Amino acid sequence: MSKGLPETRTDAAMSELVPEPRPKPAVPMKPIGINPNLLGYIGIDTIIEQMRKKTMKTGFDFNIMVVGQSGLGKSTLVNTLFKSQVSRKASSWNREEKIPKTVEIKAIGHVIEEGGVKMKLTVIDTPGFGDQINNENCWEPIEKYINEQYEKFLKEEVNIARKKRIPDTRVHCCLYFISPTGHSLRPLDLEFMKHLSKVVNIIPVIAKADTMTLEEKSEFKQRVRKELEVNGIEFYPQKEFDEDLEDKTENDKIRESMPFAVVGSDKEYQVNGKRVLGRKTPWGIIEVENLNHCEFALLRDFVIRTHLQDLKEVTHNIHYETYRAKRLNDNGGLPPGEGLLGTVLPPVPATPCPTAE
Amino acid sequence: TAIGAMDKEYVGFAALPNQLHRKSVKKGFDFTLMVAGESGLGKSTLINSLFLTNLYEDRQIPEASARLTQTLTIERRGVEIEEGGIKVKLTVVDTPGFGDSVDCSDCWLPVVRFIEEQFEQYLRDESGLNRKNIQDSRVHCCLYFISPFGRGLRPLDVAFLRAVHEKVNIIPVIGKADALMPKETQALKQKIREQLKEEEINIYQFPECDSDEDEDFKRQDAEMKESIPFAVVGSCEVVRDGGPRPVRGRHYSWGTVEVENPHHCDFLNLRRMLVQTHLQDLKEVTHDLLYEGYRARCLQSLARPGARDRASRSKLSRQSATEIPLPMLPLADTEKLIREKDEELRRMQEMLEKMQAQMQLSQAQGEQSDAL
């Protein structure tokens, strides 16, 4: 987990700058031990600063998808998360916003900047999901879109003349919005997560959580976690990808408090002399960033401040690799598309790969 | 006021309402209320709050995986409530499973069927010979719950309301209304009202108040009508607010919602209009308008078995109850009804003749014995 501390896991950090796999060195390197009795200062530790500078120059991209019934506050939440109008709200009451008959996929990109770091953020909206009378297979367009992005990346990767930086349109994170019924998951929620949890990182959130008391929230969360477990659905951060004990402890704590019960808002109110984002009702003001009121701050810290890079890595190293292996297997060990002549690829191991169905 | 001691100028039938009142108190009062809407909108909590009971103690909420293959069921729960010497036998009809499945096509059909079956039963009883103790199991009112999380009526809401609006009095409510800020509530209500008009859905019209009521009452009445659909919050928990008396509400970290506070939600309005003023009117409209419409359609299609469908949607109004265009009913049902009635009549006829013959015989025997 990259926490800004100098670490020796250079692979993780390097993939940001050089997403394509590096060719193996021709001569194996001799193992180098750390000599504590160095007589001087070498300056290797400045590599972190060098990488940081490079990142700031190139910037990085992040693709987040939001899925859930209309009216659950998806756009508002994403705007609140990134403190910008990155998602166009369809909730203005005056507009004739008709529910689309089939699920549409709408990807909108924005460049946002903070502390000298540029991020190209793409928000992928899925209007029409779960809104019809018959919602059978309404997750299929979404699954198709996700796989299409993997396919795009794969095609770029197997080219002879590859781009220096393959544009990454793969979905790094899918926020799934659960309706705060207080009872349990709805059958549609189960079906969606069953189909998509093996294809993309799913982070379930409980939307519009200001209708639940503390007790109701914790009971509901427990029930949801149990239902997901019973049905074999693993949400991000998945247990099987915890790399070491440190990861496991940190992620266990997060898993125990998920799904986060969130409230989003784009309006500010004066509370105790400060301006806060919130919702004003006759019985009180709900502060979005107050941990006593809702878990928005936990979600934001989790997705943006601690696990942003990991979301991308799991997408690249695991979900994308699964897709790639399946595609190569289907093609008899050969990569798809052109650019095959003269390419020497290592044989794909015949391990059974988890399918997306 | 004792009638005997009244002035000779009065006839005395002004006491009639008292007599009716006494009779109905003795007879008791029954009312069937249906609650419908997708699960998790606070329907059961609201019923418990409205009638200060705990009807749903034994309820088991199934998990999502169990609901994958669940079909809609109709559940009836009865409770006897007594207040001020008046006994009310309340039946609450639930529709668990509504709107739950991934594919909800036609999931409202069992509900429509249920409502019609109650009409059929009443028609049968009414046309039967023993009409002393007809049980009225007709649905007098349907509280339809709309989600506060959507942007108005969803396709499923529209489909359900269109299927039942001519068969039952509909009162639309917005459940879990503490999810909304005041402006959002207003906007949502407006949107729903527009949609109801657009889709030509007839909801229960609260009658105009008498012209001789005072201005205050009229204003209050108008305000209440403006707040439809009612945005409600239910709770059976008492939260001590630090005030003089305990209030029912929901306690959050940022404040407490009071169920009976008119600035917080429309619970009081709903209770006043549904229970305190219009319970009787709902029954009357069910009987005079909705049931009569069903009966007329039923019998008309018998008289003219080839009658074709008229307009696909009929507009019901209080004055034009007799001008309803008549859609065709399934002939099998009504023919069966007629055959059953004929059968009954014939049996009764035979019995009557037998009794007459018997009487004549005993009379003749009596005369004989007299003569002897």
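Just so it is clear, the structure is predicted and the values come from calculations on it, not from any experiment. In this numbering scheme, every chain counts its residues from 1 along its sequence in written order. Lettering of chains starts at A and numbering of ligands starts at 1, both following the order in which they are written. Local features in this predicted model are restricted to residues of pLDDT 70 or higher, and side-chain atom pairs are both shown and tallied only at a pLDDT of 80 or more, whereas totals for entire chains, interfaces and linings draw on every residue. As a rule here, side-chain values cover all heavy atoms of the structure and leave hydrogens and water aside.

Caption draft 1: Spotlight on the overall build of chain A. In this description a helix means any DSSP run of H or I spanning at least four residues, a strand means any run of E spanning at least two, and both kinds are numbered starting from the N terminus. Per the secondary structure count, chain A includes nine helices and nine strands. For each residue, the accessible area found with a 1.4 Å probe, counting protein chains only, is set against the maximum for its type, and the residue is called buried under 20%, exposed over 50%, and partly exposed in between. By the burial criterion, 47% of the 357 residues in chain A qualify as buried. Contacts were defined at the residue level, with two residues in contact if any of their heavy atoms lie within 4.5 Å. Residue pairs at least 24 apart in sequence account for 70% of intrachain contacts in chain A once pairs closer than 6 positions are excluded. The protein chains shown are the only cover counted for residues, whose accessible areas, like all others here, come from Shrake-Rupley with a 1.4 Å probe. Summing over all exposed atoms, chain A offers an accessible surface of approximately 19,200 Å²; the carbon and sulfur share of this is 56%.

Caption draft 2: Seen up close, the nonpolar core. By size, the foremost hydrophobic cluster in this structure holds 162 residues, and its most contacted members are A:Leu175, A:Phe192, A:Ile203 and B:Leu143. Ranked by residue count, the leading element in this core is helix H9 (residues 279–303) of chain B, at eight residues. The set of buried Ala, Val, Leu, Ile, Met, Phe, Trp, Tyr and Cys residues whose side-chain atoms join them within 4.5 Å is what this entry labels a nonpolar core.

Caption draft 3: Structural view of the pattern of salt bridges. Take a side-chain nitrogen of Lys or Arg and a carboxyl oxygen of Asp or Glu: if they are within 4 Å of each other, that pair is a salt bridge. On inspection of all chains with the given rule, the structure shows 48 salt bridges over all chains. One salt bridge in this structure joins A:Arg170 and A:Asp168, with 2.7 Å as the shortest N-O distance. A salt bridge links B:Glu120 to B:Arg124, with the shortest nitrogen-to-oxygen separation between them at 3.4 Å. With B:Glu120 and B:Arg124 both in helix H4 (residues 109–127) and four residues apart, the pair spans about one turn of that helix. Judged by relative accessible area, B:Glu120 falls into the buried class, the value being 16%. Among the residues examined, B:Arg124 registers a relative accessible area of 30% and is labelled partly exposed. A network of salt bridges, in which partner residues are shared, links B:Arg113, B:Glu116, B:Glu117, B:Glu120, B:Arg124 and B:Lys167.

Caption draft 4: Structural detail: the UniProt feature "site: Important for dimerization" (unreviewed entry) in chain B. UniProt positions are given in the numbering used here, feature names are shortened, and annotations may be inferred rather than shown by experiment. Per the UniProt record, the feature "site: Important for dimerization" (unreviewed entry) sits at B:Phe149. Take B:Phe149: it is sitting in the loop between strand E4 (141–146) and helix H5 (155–164). Judged by relative accessible area, B:Phe149 falls into the buried class, the value being 2%. Once residues within four sequence positions are removed from consideration, B:Phe149 is found in contact with A:Ser70, A:Gly71, A:Leu72, A:Ser179, A:Pro180, A:Lys208, A:Thr211, B:Arg154 and B:Ala179.

Caption draft 5: Quick look at the sheet that holds strand E6 (residues 230–231) of chain B. Residue and element names in this part refer to chain B. What the six strands build is an open sheet, ordered E2-E3-E1-E4-E5-E6; its pairing is mixed. Across the chains shown, the open sheet's two edge strands, defined by having one partner strand only, are strand E2 (75–83) and E6. Summarising the sheet, strand E5 (residues 170–174) and E6 pair through two bridges and their orientation is parallel. Counterpart to valine 173 in the pairing with E6 is phenylalanine 230. Two strands qualify as a pair provided DSSP detects at least 2 bridges between them.

Caption draft 6: Expanded view of the interface of chain A and chain B. Contacts between the two partners involve 47 residues from chain A, matched on the other side by 45 residues from chain B. By buried area we mean how much accessible surface two parts lose on assembly, using a 1.4 Å probe and totalling the loss over both. Of the roughly 4,200 Å² buried between chain A and chain B, counting both surfaces, carbon and sulfur atoms make up 58%. Linking chain A to chain B there are three salt bridges. With a shortest N-O distance of 2.8 Å, B:Glu184 and A:Arg279 are connected by a salt bridge. For this analysis, a polar contact is any N or O atom pair within 3.5 Å, provided that within protein one partner can donate a hydrogen and the other can accept it, and provided that sequence-adjacent residues contribute only side-chain to side-chain pairs. Counting across the chain A and chain B interface gives eleven residue pairs in polar contact (both at pLDDT 80 or more). Elements with a contribution of two residues or more to the side of chain A that touches chain B: helix H5 (187–196), helix H6 (214–230), strand E8 (274–281) and strand E9 (284–287) of chain A. Residues are sorted three ways: Asp, Glu, Lys and Arg are charged, Ala, Val, Leu, Ile, Met, Phe, Trp, Tyr, Cys and Pro are nonpolar, and all the rest, Gly among them, are polar. When grouped by side-chain class, the residues that make up the side of chain A that touches chain B number 17 nonpolar, 18 polar and twelve charged.

Caption draft 7: Layout of the sheet that holds strand E2 (residues 106–114) of chain A. All names here are of chain A. Taken in spatial order, the six strands of this open sheet run E2-E3-E1-E4-E5-E6, and their pairing is mixed. Each having just a single partner strand, E2 and strand E6 (260–261) make up the two edges of the open sheet. In the sheet, strand E1 (residues 60–67) pairs with strand E4 (residues 173–178) via four bridges, with the strands oriented parallel. The partner of methionine 65 across the bridge, within E4, is cysteine 174. Lines fitted to C-alpha atoms define the axes, with helix axes restricted to the stretch in contact, and inter-axis angles between N-to-C directions lie between 0 and 180 degrees. Lying on the sheet, H5 is in contact with E1, E4 and strand E5 (202–206); it crosses E4 at an angle near 165 degrees.

Caption draft 8: Layout of the packing of aromatic side chains. Here a pair means two rings of Phe, Tyr or Trp (six-membered ring of Trp) with centres within 6.5 Å. Their orientation is stacked below 30 degrees between planes, edge-to-face above 60, and tilted elsewhere. In the structure shown here, the tally under the stated rule is 17 aromatic pairs over all chains. Considering the side-chain rings of A:Tyr236 and A:Phe302, the 5.8 Å spacing of their centres and the 35 degrees angle between planes classify their relative orientation as tilted. Of this pair, A:Tyr236 sits in the loop between H6 and helix H7 (245–257) while A:Phe302 is found in helix H8 (residues 296–306), placing the two residues 66 residues apart along the sequence. Each of the two residues, A:Tyr236 as well as A:Phe302, counts as buried. A network of ring pairs unites the aromatic residues A:Tyr150, A:Phe153, A:Tyr320 and A:Tyr323 as a single cluster. Any Lys NZ or Arg CZ found within 6 Å of a ring centre and within 35 degrees of that ring's normal is scored as a charge over the ring. Across from the ring centre of A:Phe153, 3.6 Å away, lies the NZ or CZ of A:Arg170, which sits over that ring. The cationic tip of B:Arg138 hangs over the ring face of B:Tyr122; the distance from NZ or CZ to the ring centre is 3.6 Å.

Caption draft 9: Layout of the pairing of E4(A). Residue and element names in this part refer to chain A. Judged by how many residues are buried, E4 sits mostly within the fold: six of six residues are covered. Taking every second residue as pointing to the same face, both faces of E4 are buried, with Cys173, Leu175 and Phe177 on one and Cys174, Tyr176 and Ile178 on the other. Here E4 pairs with E5 via five bridges, running parallel. Its bridge partner lying in E5, phenylalanine 177 is registered against valine 205. Once the chain exits E4 it traverses H5 before rejoining the sheet at E5, and the crossover so formed is right-handed. Every crossover in which the path from the first strand over the helix to the second runs clockwise, viewed with the strands pointing away from the viewer, is termed right-handed.

Caption draft 10: Structural view of the state of the cysteines. Disulfides are defined as pairs of cysteine sulfur atoms found within 2.5 Å of each other. Inspection of every chain in the model, using the stated rule, returns zero disulfides over all chains. Free cysteine: A:Cys294, not disulfide-bonded; nearest cysteine sulfur from A:Cys173 at 17 Å.

Caption draft 11: Looking closely at the packing of helix H2 (residues 43–51) of chain B against helix H8 (residues 267–277) of chain B. Residues and elements named next belong to chain B. Between H2 and H8, the shortest axis-to-axis distance is 11 Å and the interhelical angle comes to 65 degrees. By the angle between their directions, the pair H2 and H8 is classed as roughly perpendicular. H8 is crossed by H2, and the crossing has right-handed handedness. Of the residues in H8, those touching H2 at Leu46, Ser49, Leu50 and Phe51 are Phe267, Leu270, Arg271, Leu274 and Val275. Taken together, the residues that form the contact of H2 with H8 break down as seven nonpolar, one polar and one charged. Angular relationships are summarised with four words: roughly parallel below 35 degrees, roughly antiparallel beyond 145, roughly perpendicular across 65 to 115, and oblique for the angles in between. Handedness of a helix crossing follows the sense of rotation of the near helix relative to the far helix, less than a right angle counterclockwise being left-handed and clockwise being right-handed.

Caption draft 12: Structural detail: H9(B). The end-to-end C-alpha distance of H9(B) is 35 Å, a good match for the 36 Å that 25 residues give at a rise of 1.5 Å each. At every residue, the bend is computed as the angle between two fitted axes, covering the seven residues ending there and the seven beginning there respectively. Maximum bend of H9(B): about 35 degrees, positioned at B:Tyr291. Expected span of a helix: the number of residues minus one, times 1.5 Å.

Caption draft 13: The arrangement of the pairing of strand E9 (residues 255–258) of chain B in detail. Residues and elements named next belong to chain B. Burial along E9 is two-sided: Gly255 and Val257 facing one way and Thr256 and Glu258 facing the other are all buried. Pairing between strand E8 (residues 247–252) and E9: four bridges, direction antiparallel. Opposite glycine 249, over in E9, you have glutamate 258 as the bridge partner. Here E8 folds back onto E9, and the loop between the two strands holds two residues.

Caption draft 14: Representation of the confidence of the model for chain B. Residues and elements named next belong to chain B. For chain B, per-residue confidence averages 82 on the pLDDT scale, and residues scoring 70 or more make up 87% of the total. Confidence scores per residue from the predictor, reported as pLDDT, run from 0 to 100. Of the regions scoring below 50 in pLDDT, residues 306–329 engages in 43 contacts with residues more than four places distant in sequence or in other chains. The ipTM value of the predicted complex is 0.77, and its pTM value is 0.78.

Caption draft 15: Representation of unusual backbone geometry within the structure. The peptide bond linking A:Tyr236 to A:Pro237 adopts the cis configuration, its omega dihedral lying at 0 degrees. By the secondary structure assignment, A:Pro237 is in the loop between H6 and H7. The residue after A:Met258, namely A:Pro259, is reached through a cis peptide bond having omega -5 degrees. Its location among the elements puts A:Pro259 in the loop between H7 and E6. Backbone geometry places A:Asn272, a non-glycine residue, at a positive phi of 50 degrees. Tracing the backbone through its elements, the reader meets A:Asn272 in the loop between strand E7 (268–271) and E8. The class for A:Asn272 is exposed, based on a relative accessible area of 78%. Positioned with a positive phi, B:Lys176 is a non-glycine residue whose angle comes to about 45 degrees.

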